[in-house]
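Each chain, letter by letter, is given below.
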Number of protein chains: 2
Amino acid sequence: MTSTRIQNALQLRSLVKKTGELELSLVEIPVPEPKPDEVVIRVEAAPLNPSDLGNLFAGADLRSAHFAGSATRPVVTAPISPGALKALAGRVEVSSPVGNEGAGLVVEAGSSPEAQALLGRTVAALGGGMYAQARCVQVAQCLLLPEGTSAAEGASAFVNPLTALGMVETMRREGHTALVHTAAASNLGQMLHRLCIQEGIGLVNIVRKPEQVKLLAGLGAVHVCNSTAPEFMQELTDALAATGATLAFDATGGGKLASQILTAMEAALSRKAAGYSRYGTSVHKQVYIYGGLERGPTELNRSFGMAWGIGGWLVFPYLQKIGPETAQKLKARAAAGLKTTFASNYSREISLAEALAPDAIALYGTQATGAKVLINPNKGVGAK
Amino acid sequence: MTSTRIQNALQLRSLVKKTGELELSLVEIPVPEPKPDEVVIRVEAAPLNPSDLGNLFAGADLRSAHFAGSATRPVVTAPISPGALKALAGRVEVSSPVGNEGAGLVVEAGSSPEAQALLGRTVAALGGGMYAQARCVQVAQCLLLPEGTSAAEGASAFVNPLTALGMVETMRREGHTALVHTAAASNLGQMLHRLCIQEGIGLVNIVRKPEQVKLLAGLGAVHVCNSTAPEFMQELTDALAATGATLAFDATGGGKLASQILTAMEAALSRKAAGYSRYGTSVHKQVYIYGGLERGPTELNRSFGMAWGIGGWLVFPYLQKIGPETAQKLKARAAAGLKTTFASNYSREISLAEALAPDAIALYGTQATGAKVLINPNKGVGAK
């Protein structure tokens with residue numbers, strides 16, 4: 001197979017203007033010739049993950065968005081509050097590419113054997129800026145997809161699978177034996193559910209809607225608690241007592257949920273504790289916040305003794321912490337399970353221009369369960 | 001020296017009634033004959049630490065206290081809110097002794113050589129129930145005070161000195177190089193200040209009043225920030241940048257202070273950081289909450305990146321965690337510094353009955369700087 005030189009490609013850009021305005025647009029960028037250890041990917045599938053939405057929207061209020069430009073070159077603008085703008089100092093007047101991960105065909109390869117081996121193959125890449133028709137990335141950022149795996153199937157090969165695997169790894173390394181997960185009906189939540197079944201790990205799923213309880217129960221989840229139900233604390237405490245979970249991963253961040261989880265963990269532990277201690281049980285209870293679906297402050301009532309911790313958790317810094325050898329093992333597991341344990345579901349496949357249309361933003365901007373969107377930057381562009 | 005048999009002793013008791021009422025009173029208890037590895041201490045000095053106040057008051061509203069009984073046998077009652085009562089289930093109708101630590105003369109000793117060696121000597125003890133005229137405790141709970149150290153000087157030999165030493169130990173073990181401390185004008189705060197000077201550790205002191213800034217500055221503290229001053233965040237960030245502190249110990253617990261500290265740490269780190277990251281700097285920032293001067297919820301605005309943690313911290317579980325060998329070293333250091341680094345100050349010395357008088361409770365109940373009180377259970381009882 002010979003290389004096909006792609007000279008230019010459309011890329012989605014997010015720009016924070018110093019006037020306090022977000023501007024989303026498509027920009028034509030030159031695609032560099034790959035260095036020896038690089039390949040050029042014709043991107044055919046890239047998911048809109050919550051972590052991408054943060055980069056894309058930069059805290060702007062999309063409900064007040066203004067839509068302009070043409071159908072093929074739309075331009076979206078939206079106001080950013082002064083408070084949010086302050087936190088974005090490093091992004092002001094910098095046109096940022098978006099899209100942590102994606103998959104597609106390697107259409108050009110550098111001279112190294114590793115790069116040449118990928119030519120003509122479908123790979124996933126954690127390259128950043130993947131909302132683009134073509135991306136030149138390092139071979140080390142690529143994952144060769146198993147034969148018969150499509151770009152759409154491999155688009156979410158990194159963020160969600162490695163997050164689920166990283167959560168289980170954290171659980172084991174920090175001496176816990178079961179898990180709690182919030183926003184548990186998400187793509188990630190469903191992966192974690194399947195992974196925990198495989199590994200025989202007790203999992204307490206927390207969701208916010210009755211239909212999400214049904215969804216997870218239908219998938220075979222044993223413990224699903226609805227945080228908006230009046231009996232939530234009782235059900236959660238029972239589920240924690242049954243599983244022994246003392247570690248939670250929380251995607252919501254804001255509000256009282258983390259505090260409620262710690263309170264219920266302490267209540268479950270107290271059922272077995274002998275005698276009263278003003279400082280609570282001596283068993284360490286931990287919540288890691290890995291997302292911010294609720295933007296408001298986190299409120300802790302501290303009614304859960306003194307053996308507790310809360311902290312931020314991110315998968316890629318975590319993989320760095322546990323070292324390349326273990327990280328590589330987790331990546332191989334993710335790749336092997338793309339059609340099973342780590343399969344993703346999307347509600348729509350859209351082009352780059354469609355991603356900036358009002359209806360698409362209204363859909364994926366909600367971050368609702370079942371609203372996950374896949375961008376195909378080459379949709380409608382014609383076959384290679 | 002021959003043993004003097006003390007048959008009975010007055011002891012201060014805290015009782016949570018099932019009716020939702022706290023009752024504080026003095027109870028005459030029999031003093032058991034010491035077993036081989038036990039000694040009986042005639043308690044002459046026991047501090048009222050914040051941790052004791054929690055046990056003593058059990059969350060009751062002392063502003064609504066009722067004072068009855070006689071001058072020598074006072075009885076204080078105060079209402080406990082239904083919410084607080086719920087958390088006290090294990091204490092209801094249990095008459096609890098109070099007073100974690102204290103010091104006094106060993107007047108009776110068991111048959112073991114270790115016990116006999118303490119007879120006639122002044123010791124400090126972490127025995128619990130030390131607000132009593134006499135306490136029978138294990139030799140292992142005692143610390144022989146250096147020659148020439150009085151019971152009053154040795155009364156606070158455990159809780160505060162070991163807390164200060166434990167904070168520094170935590171800092172080193174968790175890879176930090178400087179500290180932040182809140183409620184920093186307290187007895188503990190002043191100890192930590194002297195300890196950090198000795199060890200060459202940068203310390204950022206946070207206080208709530210201008211006179212506390214003056215007090216600490218007068219003791220040679222370099223960084224003292226008043227959290228009620230309008231320029232607090234700026235001064236705190238400057239102090240954090242100057243010291244490089246990424247670990248804080250917070251005695252207040254509730255409110256926004258922990259969040260402000262993490263925010264200022266992140267701002268100080270960002271000054272040196274290259275480029276913008278949506279997830280903030282990669283340097284881990286930690287706040288340990290070790291007290292609850294502010295009873296309200298802890299509010300975190302999470303505007304400090306993702307590399308952060310908050311958790312409970314207690315000195316005695318921590319000493320268990322680091323093992324008996326290191327703990328013993330810290331105890332020896334505490335004993336050696338009782339007149340210098342680990343010296344305590346008290347505003348008043350009061351008897352057991354005086355401790356239940358309205359004016360005394362009004363004084364020590366505020367937990368204000370300079371309001372620390374020492375109980376001498378044998379005050380006015382006459383020399384042995």
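Being a predicted model, the structure only gives us computed values, none of them experimental. (Residues numbered from 1 in each chain as written. Chains lettered and ligands numbered in written order. Predicted model: local features only at pLDDT ≥ 70, side-chain atom pairs only at ≥ 80, totals over all residues. Heavy atoms only, no water.)

A. Summary view of the packing of aromatic side chains. Tallied over the full model, the rule gives ten aromatic pairs over all chains. Through successive ring pairs, a cluster of aromatic residues spans Phe249, Tyr288, Trp313 and Tyr318 of chain A. (Phe/Tyr/Trp six-rings, centres within 6.5 Å; stacked < 30°, edge-to-face > 60°.)

B. Here's a closer look at the relation of the copies chain B and chain A. For the pair chain B and chain A, the relating rotation is 180°, the translation along its axis is 0.0 Å, and the fit reaches an RMSD of 0.0 Å. On the angle and the small slide along the axis, the relation comes out as a two-fold axis. Mapped onto chain A, 100% of the interface residues of chain B are again interface residues, and the two copies thus contact each other with one and the same surface. (Least-squares fit on C-alpha atoms with pLDDT ≥ 70 in both. Contact = heavy atoms within 4.5 Å.)

C. Representation of the sheet that holds strand β17 (residues 294-300) of chain B. Strand order in the open sheet made by the four strands is β15(A)-β17(A)-β17(B)-β15(B), with mixed pairing throughout. If you trace the sheet from one side to the other, it starts and ends with β15 (253-255) of chain A together with β15 (253-255) of chain B, each paired once. Ignoring strand direction, the axes of neighbouring strands in this sheet form an average angle of 55°. Here β15 of chain A pairs with strand β17 (residues 294-300) of chain A via two bridges, running parallel. The residue of β17 of chain A that forms the bridge with glycine 255 of chain A is threonine 298 of chain A. (Pairing = 2+ DSSP bridges. Helix = DSSP H or I, 4+ residues; strand = E, 2+ residues; numbered from the N terminus. Axes fitted to C-alpha atoms, helices over the stretch in contact; angles between N-to-C directions.)

D. Region of the structure containing unusual backbone geometry. You will see that arginine 302 of chain A, though not glycine, has its phi angle at about 55°, which is positive. You can see arginine 302 of chain A is positioned in the loop between β17 and β18 (308-312). You can call arginine 302 of chain A buried: its relative accessible area is 17%. Within the chain, glutamate 93 of chain B stands out as a residue other than glycine whose phi angle is a positive 65°. Of note, glutamate 93 of chain B is situated in the loop between α2 (82-86) and β6 (95-97). (Buried < 20%, exposed > 50% of the residue type's maximum accessible area, 1.4 Å probe, protein only.)

E. Structural context of the pairing of β17 of chain A. In this structure, β17 of chain A lies alongside β17 of chain B, joined through three bridges in antiparallel fashion. Paired with glutamate 299 of chain A across the bridge in β17 of chain B is glutamate 299 of chain B.

F. Broad picture of the sheet that holds strand β13 (residues 223-226) of chain B. Read across the open sheet, the twelve strands follow the order β13(A)-β12(A)-β11(A)-β14(A)-β16(A)-β18(A)-β18(B)-β16(B)-β14(B)-β11(B)-β12(B)-β13(B); overall the sheet is mixed. Looking at strand neighbours, the two that pair on one side only are β13 (223-226) of chain A together with β13 of chain B, the edges of this open sheet. Neighbour to neighbour, the strand axes of the sheet diverge by 15° on average, direction disregarded. Together, β12 (202-207) and β13 of chain A form the strand contacts of helix α7 (residues 210-218) of chain A, whose direction differs from that of β13 of chain A by roughly 175°. Sitting on the sheet, helix α6 (residues 187-199) of chain B touches β11 (178-182) and β12 (202-207) of chain B, and the angle it makes with β11 of chain B is about 165°.

G. Molecular detail of the packing of helix α5 (residues 159-173) of chain B against α6 of chain B. Residues and elements named next belong to chain B. Interaxial distance between α5 and α6 falls to 9 Å at its minimum, and their mutual angle equals 50°. As far as their axial angle goes, α6 and α5 are oblique. Handedness of the crossing formed by α5 with α6: right-handed. Of the residues in α6, those in contact with Asn160, Pro161, Thr163, Ala164, Leu165, Met167, Val168 and Arg172 of α5 are Asn187, Leu188, Met191, Leu192, Leu195 and Glu199. Here the residues of the contact of α5 with α6 sort into nine nonpolar, three polar and two charged. (Parallel < 35°, antiparallel > 145°, perpendicular 65-115°, else oblique. Left-handed = near helix turned anticlockwise from the far one by under 90°. Nonpolar A, V, L, I, M, F, W, Y, C, P; charged D, E, K, R; others polar.)

H. Focus on the packing of α5 of chain B against helix α11 (residues 324-336) of chain B. All names here are of chain B. One can describe the packing of α5 onto α11 by two numbers: an axis separation of 9 Å at closest approach and a directional angle of 130°. In terms of their interaxial angle, α5 and α11 are classed as oblique. In this structure, α5 crosses over α11, and the sense of that crossing is right-handed. Contact with α5, carried on its side by Pro161, Leu162, Leu165, Gly166, Glu169 and Arg173, involves Thr326, Leu330, Lys331, Arg333 and Ala334 of α11 and no other residues of that element. Looking at side-chain class alone, the contact of α5 with α11 contains five nonpolar, two polar and four charged residues.

I. Layout of the pairing of strand β1 (residues 8-16) of chain B. Residue and element names in this part refer to chain B. Taking burial as the measure, the nine residues of β1 include eight buried ones, the bulk of the element. Relative to strand β2 (residues 21-30), β1 is paired through nine bridges, and the arrangement is antiparallel. Within the sheet, the bridge partner assigned to glutamine 11 lies in β2 and is valine 27. Between β1 and the antiparallel strand that follows it, β2, lie four residues; glycine 20 among them carries a positive phi value of about 90°.

J. The interface of chain B and chain A, seen in detail. Facing 35 residues of chain B, the contacting portion of chain A comprises 35 residues. Summing the contributions of chain B and of chain A, the shared interface buries around 2,500 Å²; its carbon and sulfur component is 60%. Taken together, chain B and chain A are joined by zero salt bridges. For the pair chain B and chain A, the number of links is eleven residue pairs in polar contact (both at pLDDT 80 or more). Residue assignment for the side of chain B that touches chain A shows that the elements contributing at least two residues are α1 (50-57), β15, β17 and β18 (308-312) of chain B. When residues of the side of chain B that touches chain A are assigned to their parent elements, the largest contribution, seven residues, is made by β17 of chain B. For the side of chain B that touches chain A, the class distribution of residues is 14 nonpolar, 15 polar and six charged. (Buried area = accessible area lost by both parts, 1.4 Å probe. Salt bridge = Lys/Arg side-chain N within 4 Å of Asp/Glu carboxyl O. Polar contact = N/O pair within 3.5 Å; in protein donor to acceptor, adjacent residues only side chain to side chain.)

K. Expanded view of helix α9 (residues 257-270) of chain A. All names here are of chain A. Its 14 residues give α9 an end-to-end C-alpha distance of 20 Å, which sits within 8% of 20 Å, the value for a rise of 1.5 Å per residue. For α9, the tally of buried residues reaches eleven of 14 residues, placing the bulk of the element in the interior. Buried residues of α9: Leu257, Ala258, Ser259, Ile261, Leu262, Thr263, Ala264, Met265, Glu266, Ala268 and Leu269, and no others. (Expected span 1.5 Å × (residues − 1).)

L. Fine view of the side chain of threonine 246 of chain B. Residue and element names in this part refer to chain B. Considering the arrangement of structural elements, one finds threonine 246 in the loop between α8 (232-243) and β14 (247-250). At 2.7 Å, the side chain of threonine 246 forms a polar contact with the side chain of histidine 176. Excluding residues within four positions of it along the chain, threonine 246 makes contact with His176, Ala178, Met265, Leu269, Val283, His284, Lys285 and Gln286.

M. Up close: the pattern of salt bridges. All names here are of chain B. Within the structure shown, the criterion is met by 32 salt bridges over all chains. For arginine 42, the salt bridge is made with glutamate 44, and the minimal N-O distance between the two is 3.2 Å. For arginine 42, a relative accessible area of 10% puts it in the buried group. A salt bridge links arginine 172 to glutamate 199, with the shortest nitrogen-to-oxygen separation between them at 2.7 Å. Taken together, the residues arginine 172 in helix α5 and glutamate 199 in helix α6 connect sequence positions 27 residues apart.

N. Geometry of the side chain of threonine 237 of chain B. Residues and elements named next belong to chain B. Its location among the elements puts threonine 237 in helix α8. Side-chain polar atoms of threonine 237 contact the backbone oxygen of methionine 233, separated by 2.6 Å. What threonine 237 contacts, discounting residues up to four positions off in sequence, is Ala264, Ala267, Ala268 and Arg271.

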